[in-house]
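# Observations on the three-dimensional arrangement
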Amino acid sequence: MIQISKEILIQDRISLKEGHGGLRFLELRWNGAEAHIYLHGAHILHYQPAEQQPVLWHSEASWFETDKPIRGGIPICWPWFGPHPNDSDQPAHGFARLTEWEPISNSVTDEATCVTLQLPASSCPQRISLQLTLELSDKLLVSLTTANNSGSDFNYSEALHSYFFIQNIHAVKVSGLEGQYYIDKLSHDLSPQKQKGPIEFSAETDRIYINTTHSTTIVDEVFKRSIHISKENSLSTVVWNPWIDKSIRMPDFGTSEFLNMLCVETANCGPNAVALASGETHKMNLQISARNH
Ligand code: TA6
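A brief report on the enclosed structure follows. (Residues numbered from 1 in each chain as written. Predicted model: local features only at pLDDT ≥ 70, side-chain atom pairs only at ≥ 80, totals over all residues. Heavy atoms only, no water.)

### Remarks on the environment of Val-238
Inspection of the secondary structure assignment puts Val-238 in strand E19 (residues 236–241). By relative accessible area, which is 1% here, Val-238 ends up buried. When sequence neighbours within four positions are dropped, the list of residues in contact with Val-238 reads Phe-81, Asp-206, Arg-207, Ile-208, Cys-263, Val-264, Glu-265, Ala-267 and Cys-269. (Helix = DSSP H or I, 4+ residues; strand = E, 2+ residues; numbered from the N terminus. Buried < 20%, exposed > 50% of the residue type's maximum accessible area, 1.4 Å probe, protein only. Contact = heavy atoms within 4.5 Å.)

Put into structure tokens, the structure is as follows:
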């Protein structure tokens, strides 16, 4: 079990708590906003701006066990996205979300509350490091930084697999990806398709938008809220809703929970996997902000 140094905890701004399943998390606070990041997987589970509904969703049926991924929030997919490319015994979406991370630094100012966690070196490939920084202010900034000091190229894919809380999937649109190309993972034809208009949902949806730096906006007609998602150093955006049949097949997902969640994921995956030369660092940034209409 990771030991937390006392310097990480700052009264009223960064506190260590015991959460679901007895797993520990850091609670960050800033001017009425709050965020929770579990040490397991450096998993951001909760983000709620001041006087707003929570922005992130998690399943009531989620596991909270040290050898399983948490269902919801912002899982970290690294160093591969989806199934392992050539070893079916490996866990989906990599091992970073299945390991306890160590808080290593913080910053508490009038402008923001920040914490950085590191994947223990014992869990990383040789001389590769992975850090996550969470910055809470009137928005949420998440940075995932991979550093390669291995002496050779390190090829990997990654995602901040964000699950957003919505009121009804039938009354939600995603704008910002108009004209971008996507791979439809549910189709036999995996050739890139062009997105026409905003994305609306009426069935299982699992798409990787490729070669795109575009920001996206989730427009929630019922909550009367827009969630704006912008990114840096990310060329893929994944859009996923399991709908009912896939929800039934997932033991850690309630049958009708698909109505209240939508994944818009900030990634580098598929053709946008990262080739990181030795001595180089790659930092993928995600910014989430929510605005009531
Ligand atoms: O990001 C979409 C996706 O790759 C879907 O295909 C689905 O598998 C989802 O991730 C959830 O994956 P998980 O391993 O967390 O159940």
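### Focus: the environment of Gln-126
As for its placement among the helices and strands, Gln-126 is situated in the loop between strand E7 (113–118) and strand E8 (128–136). Accessibility expressed as a relative area gives 67% for Gln-126, which makes it exposed. With 28 residues separating them along the chain, Gln-126 and Leu-98 place their C-alpha atoms 18 Å apart.

### A word on the pattern of salt bridges
According to the stated counting rule, one finds nine salt bridges in the structure shown. Between Lys-68 and Asp-67 there is a salt bridge; the shortest N-O distance is 3.9 Å. A residue is classified by how much of its surface remains accessible, and Lys-68, at 22% relative accessible area, is partly exposed. Residues joined in a network through salt bridges with shared partners are Lys-17, Glu-27, Arg-29 and Glu-34. (Salt bridge = Lys/Arg side-chain N within 4 Å of Asp/Glu carboxyl O.)

### Quick look at the site of the ligand
Taken together, Arg-71, Phe-81, Ala-92, His-93, Arg-97, His-161, Lys-185, Asp-206, Val-238, Trp-240, Lys-246 and Glu-265 make up all the residues around the ligand. Between the ligand and Arg-71, the relevant distance is 2.8 Å, taken from an oxygen atom to a side-chain nitrogen or oxygen of the residue. With respect to the ligand, the side chain of Arg-97 contributes an N or O atom lying 2.9 Å from an oxygen atom. Contact with the protein chains removes 85% of the 390 Å² of surface that the ligand exposes when unbound. Split into classes, the residues belonging to the shell around the ligand amount to four nonpolar, two polar and six charged. (Near = heavy atom within 4 Å. Polar contact = N/O pair within 3.5 Å; in protein donor to acceptor, adjacent residues only side chain to side chain. Areas by Shrake-Rupley, 256 points an atom, 1.4 Å probe, with all protein chains shown as cover. Nonpolar A, V, L, I, M, F, W, Y, C, P; charged D, E, K, R; others polar.)

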